[in-house]
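Read off the chains here:
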Amino acid sequence: MLDHDSRLPEATTTPGSVVALVDAAGRVERELVGNWLAEGGIAQEFGTGAPVTQLDLDAEAVTTRLVGRSDDPLVVPVRVLWLPPERDGVRRTTFTDLLTLSNPRKPNRLMQRRLITKSPDRHLVLTGQPARLSELRANHPGAAGAPEAFARAIVRAGIVALERAERAVIGDRYKVPRLVVEEILDSPEFLRRLDAIAEETGTQAREVYRRAEKGLRELVAAQSRLVSDLFTQAMRPVHASTWKVDSDESGLDRLRTLNRRYPLVFLPSHRSYVDAFVLGDILARNDFPPNHVVGGANLKFWPIGPIARRTGTVFIRRSFGDDEVYKAVVEEYFAYLLAKRFNLEWYFEGGRTRTGKLRPPRYGLLNYLAAALRSARIDDVMLVPVSITYERLNEIGAIADEQTGGSKQAEGLAWMARYIRSQQHSAGHVYVRFGTPLSARDRLAAHGDPLSPQPVPTIPDTADPADKQDLEHRAVQQLAFEVAVGINAVTPITVNALTTLVLLGVHERALTRDELRAAIAPVLGYIEGRELPSGELATLRDDHGLAVVLEQLAIAKVVTIYRGGLEPVYSIGAGAHLEAAFYRNSAVHWFVNRAILELAILTAVEATEGDQLRVGWEAAYRLRDLLKFEFFFPERTEFTSQLTAEMLRVDPEWHRRTAAGTVGAEILAQLAESGFMMAHRVLRSFFDAQLVVAERLAARDPETPIDKKVFIDECLHVGKQMLLQQRLHSPESVSSELFASALRLADNHGLLTLGENAADLAARRTRFAAELRAIGGRISRAATLDPSNRMDAL
C-alpha cells in the first residue's frame, strides 16, 4: 500500500497487530484466505507473529472497524489470484477457455471448487505491499475530518497494492486501472475546480458535479484482462495474415527501461485503421502494459465501442465547444493517468493521412499534457515518436477517392465487416520503428514554456497573461514539430515507395524492367550513401526481386503491365496516381532538400545579373517557406547546413567552384551526372496544387469572402479541367488535402484577408500565381535533366 520495494514498511517497533483486508468475491475465496491466515500465512510472508484480524476490503467495514482505531496495526491487503491454464509457457485466456462458460481469471463458484481439487496450481493467495495505519493517515492529511473519504482512500490503496502484486505474477501487460471515477471525484483539487466553474458560469454546483460524473463515466476506459486477451487474439489475424510485422527490438528494450521511471506517450504516424492493433500487439508480445488509446467518437459504434473501452480505448468528443466541465474532466483524467504512470497513445495528426506523408499535427491533447506538467501533477513524461509504415495498404483506394471529392464512408458494423474482408490479401511488410524518446518537460522548457524553474526565454511573473499563453502555445507547437521530425527520422523507405517514386517521375511512360532498374540504381546508391532507414531495397537490384515487387503492385492495381510486346513494360495504372503517390509520399521527406537544391540552382543559373549564390540561397529559403505546410523543416541555420551538405554530395568541389560568387552552368552537368533529379518527382504535385489555388484566388473578386469548403470543391473541379488541358502534370495534384494545405499557405501570406485596399490584394494574388507558374517551369526543366526522362540514356 506504499510505494517502495521492501515487504515490511519501515517502523521503529514491531506491529502489535495485523489487519488483513480481504478482497474476496465469494465463499470459496474467503475460505481459501481464511485457511491461509490460519496456517500462518502472514507470519511466513512478513515474519511477524502479531495477532491477525480479518476484515473485508470494503469502505463501510473499513470505516467502522479500522479508521477509528487508536493503535497502529499493520494493514495487509489479501486476495486470491486465479490463473488461466499454462500454454506454451504463457498463461493467457483464449477462446477455448470460454467453452467452460467461465472466465479463467474469475471462475464461478463451482469451477473454483473444481480447480482447488484438480488444478491447485491455478490459484494462489496474494498479498499487496502493507502499510502501518499511521502511514496511511500521514498520506491523507484530511483523514481525521472525513472518515468515509479516508476509508475509500484505504480501499483504493489496497486494490492498487494488490494490482501491483498481481502484475509481478502475470506480467506488466495486465496493468489496468481500478476505481478511477471514484478517486477523481474524491479529489479536493478537482472538486474545487468544479466549484469555480459553477461560480463562473452561474450553474448550480450539484448540476456541475452531475455533468462531471457523467463525463467521467463516458470517458474513463474500464479495462478488462479477459477482454484484452480475447480482443488481441480476435484482431491479430486482421493484420497478421496481411502483413509480416517488422518491429524495432532495440527500441523496445530502451523503452522498457524508461517505462520503469516515466509514463510513456506513444505518438504514432497514422496511415491505417489497423495501426493501433499492430502497435498494441507488438507491445503486448513484449509485456508492456496496455496503452490507453485515445480515439474519436466515430469509432464508438456497437460492438467495437463497448469492447474497445474494455481494452483501454478512451473515446473523446471531437469538439468540446464551450463545455468547461468536459474540458476539466478531460484534463483531470489525462493528469490522473499520467500521475499513475499509465501509458497513453494517440494519433496526433488528428486522422489518417490522405497523401501518405505526415499531416500537420493537432495540439489539443498535447496541451492537456503540458497543463499537467505546469500544475506539477506529474514530474515528466516521455513522448515516443512511432513510425508505422506499410509496404502496401488495401484501404488506399477509398482514401484516394476521398481526395477527389468522394465522401468518407461512415464507420459501422457493415463497414467493419467490409474492411476486415478487404485485409485478407497479403500486403508485404509493416515496419514499426520507435524514434528517440523526448522528455516533455525538457523540450517544453527549452521552447520557453514557463513550467521549468528556468524557462528559456524567461517570462517575468508580471508579464501579460496573453504573452504567457502565447509562449505556452508556441512551446507545444514546437514540441509537436519535434515529434513529427522524430517520426520521419525513423520512417524507412520501402520497395514500393522507391518504385513508385521512379515510375511517377517518367510522366505516363512505360519502362521495361531493365530501364526501371537503371533508373532506381542511382537513387538506391544515394539512399545507401546517406545510410537512410530502409526496407528490403536490395531486392530491387535483382531482376526477379523487382519483378515480384511490380507484380504485387499490379495486383494492387497501382501498376499496369503490358505483356503483348517484346518484353513486359510497366507504368502507373490509369486512375492510380493518387494511390502510387501515397506509397511514394511515405518516404518523400528524405528527398525534399535535394529537390529544393535543384530548383535553387536552376533559379541561380537563370540570374544574368548580380550575385548568383545569393539568388540561389534566397530561392531555397523561399521554397522552404512555400512548402512549410507540407514538410517539417528545421530552423534556418540548420536548414542551411543541411542544404550545404546536400550540395557537397552532388559536387564535392562546390566551395571551390563558387568562391567567386557565381554558380556556373557546369553545376547543371554535375546534377545530371548524379544519375537522377528529384524536383519533378518530389515537389511537382504540391506546387501544381498551389498553382490551382493561386489561380482561383487571382480570378476571384478581392472583396468577396471565401468559404473554404466551397472554394476547395471549386479547386477540385477546375483542377480536373486543368489536368485535361495538360496544365497540370499528374492526377495526384488534384487532391482536396493538397488544396487545403495550399489554402492555409495563402492565408498565411495574407491572401485571404479582405482589407481596405482591394487592388493591392488582387495584385498580390496575381504575383503569387505568377511565381508558382515560374516554379513549375523550373520543375519541368529539372525533369528534362533526369536521365530516366531521356530515351537516349535508357
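In this report, the structure presented in the accompanying data block is examined. Note that the structure is predicted; figures quoted are calculated from it, not measured. (Residues numbered from 1 in each chain as written. Predicted model: local features only at pLDDT ≥ 70, side-chain atom pairs only at ≥ 80, totals over all residues. Heavy atoms only, no water.)

Tallied over the entire structure, the rule returns 51 salt bridges. Note that Asp71 and Arg69 form a salt bridge whose closest N and O atoms lie 2.7 Å from each other. Salt bridges sharing common partners tie together Arg152, Arg156, Glu183, Asp186 and Lys340. (Salt bridge = Lys/Arg side-chain N within 4 Å of Asp/Glu carboxyl O.)

Attention shifts here to the nonpolar core. One finds Ile493, Leu498, Phe591, Ile596 and Phe687 to be the most contacted residues of the largest nonpolar core, which totals 124 residues. Residues within four places of Leu498 in sequence aside, it is in contact with Ile493, Ile520, Val523, Leu524, Ile527, Leu537 and Leu540. (Core = buried A, V, L, I, M, F, W, Y, C linked by side-chain atoms within 4.5 Å. Buried < 20%, exposed > 50% of the residue type's maximum accessible area, 1.4 Å probe, protein only. Contact = heavy atoms within 4.5 Å.)

Scanning the entire structure with this criterion turns up 13 aromatic pairs. Ring centres of Phe582 and Tyr583 lie 6.4 Å apart, and the angle between their planes is 90 degrees; on these two criteria the pair is classed as edge-to-face. For the pair formed by Phe582 and Tyr583, the shared burial category is buried. An angle of 70 degrees between the planes, with centres 6.4 Å apart, marks the rings of Phe631 and Phe633 as edge-to-face. Across this residue pair, the class does not change: Phe631 and Phe633 are buried. A connected cluster of aromatic rings, assembled from ring pairs, spans Trp617, Tyr621, Phe631, Phe633, Phe639 and Phe686. The residue whose ring lies beneath Lys357 is Phe631, and the NZ or CZ to ring-centre distance is 5.6 Å. In this structure, Arg624 is placed above the aromatic ring of Phe639, and the distance from its NZ or CZ to the ring centre is 5.3 Å. (Phe/Tyr/Trp six-rings, centres within 6.5 Å; stacked < 30°, edge-to-face > 60°. Lys NZ or Arg CZ within 6 Å of the ring centre and 35° of its normal.)

Now for the environment of Val693. Among the secondary structure elements, Val693 is positioned in helix α30 (residues 684-698). Between the C-alpha atom of Val693 and that of Ala769, which follows or precedes it by 76 residues, the distance is 8.4 Å. The residues touching Val693, leaving out its near neighbours within four places in the chain, are Phe711, Cys715, Phe739, Ala742 and Leu743. (Helix = DSSP H or I, 4+ residues; strand = E, 2+ residues; numbered from the N terminus.)

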